[in-house]
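Results of the structural survey
Next come the chains, spelled out residue by residue.
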Amino acid sequence: MADARLADPLDEEFEAEEYAPRLRLSRRGTVVLGALTVVLLGTLSWLVFLSSVLEVRSVSVQGMRDDRLTADEVRSAIGGVGSGPLARVDLDEARRRVEAIPRVARAEVWRGWPNTLRVKVAQRTAVAVVKGEDGQFTQVDAGGVSFATEPAAPEGVPVVELKLSQQALDVESVIGRPQLVQGAVAVAAGLPADVRQRAGAVLVHSYDDIQLQLGGGVTVRWGSPEQIDRKARVLVALLTQKGTNFDVSAPDSPTVSG
C-alpha cells in the first residue's frame, strides 16, 4: 500500500507564487511613469523652493533676558535674509547677522516648518564695566568683549577705574592703559559670582597693584592679574574671617587685618 502524504499548505503557496504572472511595464508605461515622477518632483520643488505656500511668515525669537535686547532688534538685523520661501533662507547668513548685534554672544537659527524662522540668542553678560574719562560706563564680558556703553553701571557689576600711580605713568609706554584695563577685567571675570557682586570697584594703580573694594568697607589687595584662579580660591577662604583688609597678592602667604 503506497504511503499517503498530506500536502503542505506552505508548499502550495510557494508553488502558486512561483507560477504567478509578474507585472511588467511596457516601454511606453515606463516612459509614462518616469514622466509622472518628474512632474511630481518638479511640483514638490516648486512648492518648497518657489511658491508662497511655504514662505516665511514669522520670525520667532527666544533667549532674551531683559529689554536691553528686543526681538524686533533681532528681526531687523536679519532683514531681507529672513523672507521668501523658508527652504531658501540662508541660515548661516541669518546667524551671522544676529551675532553681529553687540549684545549677542552667539545665536542659533533653524527652520520651523511650515512658515516660521526660529532664532535663539545667548546674550553677553557683563563681568565688569570700565569707567571712561567721559564718565560713561562700558560693559565688558568674560571674553574681554566690550558690547555696550551707558551713562550708569548695572547693579552687581564691579567698576574698573584707573587710579594710576606715578610709577605706572612712568612706564605707560611699556604697559599701556588698554593692557591695564584688560588685566583688571580678567580679575573681575575670575572672581566667584557672589564675590563679584559684592565688588563695587576694581581700582588699578599699576600692573602689580590692583585693589578690590567690596561692600562693608572691605578692601582686597589683589596685586597683579596673575594666578587669578589661585587668588580667588584663597580670597574665598579668607572672607570667612573677620577683617577689613585682605591681601592675596602673594597667595601662598595671604594676610588679614583690620
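See the structure shown above.
Being a predicted model, the structure only gives us computed values, none of them experimental. (Residues numbered from 1 in each chain as written. Predicted model: local features only at pLDDT ≥ 70, side-chain atom pairs only at ≥ 80, totals over all residues. Heavy atoms only, no water.)

What follows is about the environment of Ala128. For Ala128, the location among the structural elements is in strand 4 (residues 126–131). On the basis of relative accessible area, Ala128 is assigned to the buried category, the value being 0%. Between the C-alpha atom of Ala128 and that of Asp141, which follows or precedes it by 13 residues, the distance is 6.9 Å. Not counting the four nearest positions on each side in its chain, Ala128 is found in contact with Thr138, Gln139, Val140, Val157, Pro158, Val160, Val185 and Ala188. (Helix = DSSP H or I, 4+ residues; strand = E, 2+ residues; numbered from the N terminus. Buried < 20%, exposed > 50% of the residue type's maximum accessible area, 1.4 Å probe, protein only. Contact = heavy atoms within 4.5 Å.)

Contact geometry for helix 3 (residues 71–78) and helix 4 (residues 91–99): axes closest at 8 Å, N-to-C directions at 130°. In terms of axis orientation, helix 3 runs oblique to helix 4. Both helix 3 and helix 4 take part in a crossing whose hand is right-handed. From helix 3, Val74, Ala77 and Ile78 reach across to helix 4, where they touch Ala94, Arg97 and Val98. Of the residues that constitute the contact of helix 3 with helix 4, the class distribution is five nonpolar, no polar and one charged. (Axes fitted to C-alpha atoms, helices over the stretch in contact; angles between N-to-C directions. Parallel < 35°, antiparallel > 145°, perpendicular 65-115°, else oblique. Left-handed = near helix turned anticlockwise from the far one by under 90°. Nonpolar A, V, L, I, M, F, W, Y, C, P; charged D, E, K, R; others polar.)

Within the secondary structure, Leu169 sits in helix 5 (residues 166–170). According to the relative accessible area criterion, Leu169 is partly exposed, its value standing at 34%. A C-alpha to C-alpha distance of 8.4 Å links Leu169 and Ser206, two positions 37 residues apart in sequence. Non-local contacts of Leu169, meaning those with residues more than four positions away in its chain, are made with Leu164 and Arg177.

What follows covers the pattern of salt bridges. Taken as a whole, this structure holds 13 salt bridges when the rule is applied. Residue Glu161 is joined to Lys163 by a salt bridge in which the shortest nitrogen-to-oxygen separation is 3.8 Å. The exposure class of Lys163 is partly exposed, given its relative accessible area of 44%. A salt bridge links Arg221 to Asp247; the nearest nitrogen and oxygen atoms lie 3.6 Å apart. One end of the pair, Arg221, is in strand 10 (residues 218–223); the other, Asp247, is in strand 11 (residues 245–247), with 26 residues separating them in the sequence. A residue is classified by how much of its surface remains accessible, and Asp247, at 18% relative accessible area, is buried. Three or more residues joined by partner-sharing salt bridges are found here, namely Asp66, Arg68, Arg103 and Glu150. (Salt bridge = Lys/Arg side-chain N within 4 Å of Asp/Glu carboxyl O.)

Within the largest apolar cluster, 31 residues are counted, with the highest numbers of intra-cluster contacts made by Val160, Val185, Leu212, Val220, Trp222 and Leu235. Secondary structure elements with two or more residues in this core: strand 4, helix 6 (177–190), strand 8 (199–206), strand 9 (209–214), strand 10 and helix 8 (228–238). It is helix 6 that provides the largest number of residues to this core, a total of six residues. Setting aside chain neighbours within four positions, we find Trp222 in contact with Val187, Leu191, Ile210, Gln211, Leu212, Ile228, Lys231, Ala232, Leu235, Val248 and Ser249. (Core = buried A, V, L, I, M, F, W, Y, C linked by side-chain atoms within 4.5 Å.)

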